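Coordinates in review
Below are the chains, spelled out letter by letter.
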Amino acid sequence: MTGEPKVRTVLGDIDPAELGVTNSHDHLFFASKLLPGQELDDPAEAAHELLAFQSAGGQALVQWTPYGLTRRTRELAWMSGEVGVHVVAATGLHRAEHYAPVILSRVVDDLVRVFVADLTEGTQPADLPDEPRTGPRAGLVKVAGAFHTIDSHARLTLTAAAIAHQETGATIAVHLELGTAALEVAELLCEKLDVPPERVILGHLNRNPDLPLQREIAGTGVFLGFDGPSRANHATDARLFDGLEALVGAGHGGQILLGGDTTTAAARHQPGASYLLTTLAPRLTKLLGGDVVTAMLVANPARAFATSWLK
């Protein structure tokens, strides 16, 4: 790669040092047929959430909403400019179950072109596929594994993401279904498809709190996404602190990213994106120390989302 690494935000490319305190995985907009009645699709509420995050000390938010799930990139750009928080948008494709067949049919045979165009030209709404790409560019590719395996859809999207990475340099962020199949995904992307591990983020590791397995995953060199605060009713979230403490103790603190992963209207208000900074970060600081937590919120995201863009 050539050129200085940059983070591609909805308002343009910035120096990684400008990113600041970052929520590395969240959703201001998200709508899936698997979550009827829980859509995040209100720009006013999203702007309020971003403002609350800023008031808590947040400076950047990475939205992992991929193609076809109401990512509203134009609204993201407007809110970023008005509120003064950096926002990174995503291209990519989620698990097939999230989509109406008509949406999948438009892109499933042409994923690399869609991903690369979103990253380099601009985004467009999934329901207006013939509209010019006048939305801001995406800054990462988000795809997904399957439960304890890589099914045919996951293999298709992961392979397309790897090719899009080779063409652009973009980071690949992976939804791990209930935190499973992490080693399988890392092997496919990094060993078979030649994506450098430092360009891969595996999300939801907190949902499968197997501490020896988490350390094995960390040994692959990928970034480690712990993004459970919006799921505080899940028993596995109580193990979040054990997992992070063990990984830091084993020397993997530089690979950890923290996020809120707010995907429903209910989660937006209890606790919402700001919980990461108002509640989780102070608790982690007591456990791990301020420098370690600052790295998870500032230095690590700056490395994870910056790339020397090829296009």
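The model shown is predicted, which means the values in this text are computed figures rather than measured ones.

1. Some points on the packing of aromatic side chains
Under the defined criterion, the tally for this structure stands at 0 aromatic pairs. Its end group placed over the ring of Trp-309, Arg-8 keeps NZ or CZ at 4.0 Å from the ring centre.

2. Observations concerning the sheet that holds strand β7 (residues 140-144)
In any sheet, the strands associate via hydrogen bonds between backbone groups, in a parallel or an antiparallel arrangement. Spatially, β6-β7-β8-β9-β10-β11 is the arrangement adopted by the 6 strands of the open sheet, whose pairing is parallel. Two strands lie at the open edges of the sheet, namely β6 (90-92) and β11 (256-258), each paired on one side alone. In this sheet, adjacent strand axes meet at a mean angle of 30° when their direction is disregarded. Where strand β8 (residues 171-175) lies against strand β9 (residues 200-203), 4 bridges are found, and the strand directions are parallel. When the sheet's bridge partners are listed, Ile-172 is paired in β9 with Val-200.

3. Some thoughts on the pattern of salt bridges
For the structure shown, the criterion picks out 13 salt bridges. Across the pair Arg-72 and Glu-75 runs a salt bridge whose closest N-O atoms are separated by 2.6 Å. Judged by relative accessible area, Glu-75 falls into the partly exposed class, the value being 23%.

4. Remarks on the environment of Ala-77
Secondary-structure assignment places Ala-77 in helix α2 (residues 73-83). Relative accessible area serves as the criterion here: at 16%, Ala-77 is assigned to the buried category. With 13 residues separating them along the chain, Ala-77 and Ala-90 place their C-alpha atoms 13 Å apart. Residue contacts for Ala-77: discarding those within four places in its chain leaves Val-10, Leu-11 and Pro-136.

5. Let's talk about the sheet that holds strand β3 (residues 22-26)
Across the sheet, 3 strands lie side by side as β3-β4-β5; this open sheet has parallel pairing. The sheet terminates laterally at β3 and β5 (86-88), the two strands that pair on one side only. Along the sheet, successive strands turn relative to each other by an average axial angle of 15°, direction set aside. In the sheet, β3 pairs with strand β4 (residues 60-63) via 3 bridges, with the strands oriented parallel. Note that in β4 the partner of Thr-22 across the bridge is Ala-60.

6. Brief notes about empty space enclosed by the protein
For the coordinates displayed, the defined rule picks out 1 cavity of 30 Å³ or more. Each pocket or cavity is described by its volume, and for the largest cavity that value is around 30 Å³. What lines the largest cavity is Asp-26, His-27, Leu-28, Glu-49, Thr-262, Arg-268 and Ala-273. Across the lining of the largest cavity, the residue classes tally to 2 nonpolar, 2 polar and 3 charged.

Here is what the cut-offs are and how they apply
- Residues numbered from 1 in each chain as written.
- Predicted model: local features only at pLDDT ≥ 70, side-chain atom pairs only at ≥ 80, totals over all residues.
- Heavy atoms only, no water.
- Phe/Tyr/Trp six-rings, centres within 6.5 Å; stacked < 30°, edge-to-face > 60°.
- Lys NZ or Arg CZ within 6 Å of the ring centre and 35° of its normal.
- Pairing = 2+ DSSP bridges.
- Helix = DSSP H or I, 4+ residues; strand = E, 2+ residues; numbered from the N terminus.
- Axes fitted to C-alpha atoms, helices over the stretch in contact; angles between N-to-C directions.
- Salt bridge = Lys/Arg side-chain N within 4 Å of Asp/Glu carboxyl O.
- Buried < 20%, exposed > 50% of the residue type's maximum accessible area, 1.4 Å probe, protein only.
- Contact = heavy atoms within 4.5 Å.
- 1 Å grid on protein atoms, 1.4 Å probe; cavity = no way out; pocket = protein on both sides within 12 Å on 5 of 7 lines; lining within 4 Å.
- Points joined across faces, edges and corners; volume = space filled by probe spheres on them.
- Nonpolar A, V, L, I, M, F, W, Y, C, P; charged D, E, K, R; others polar.

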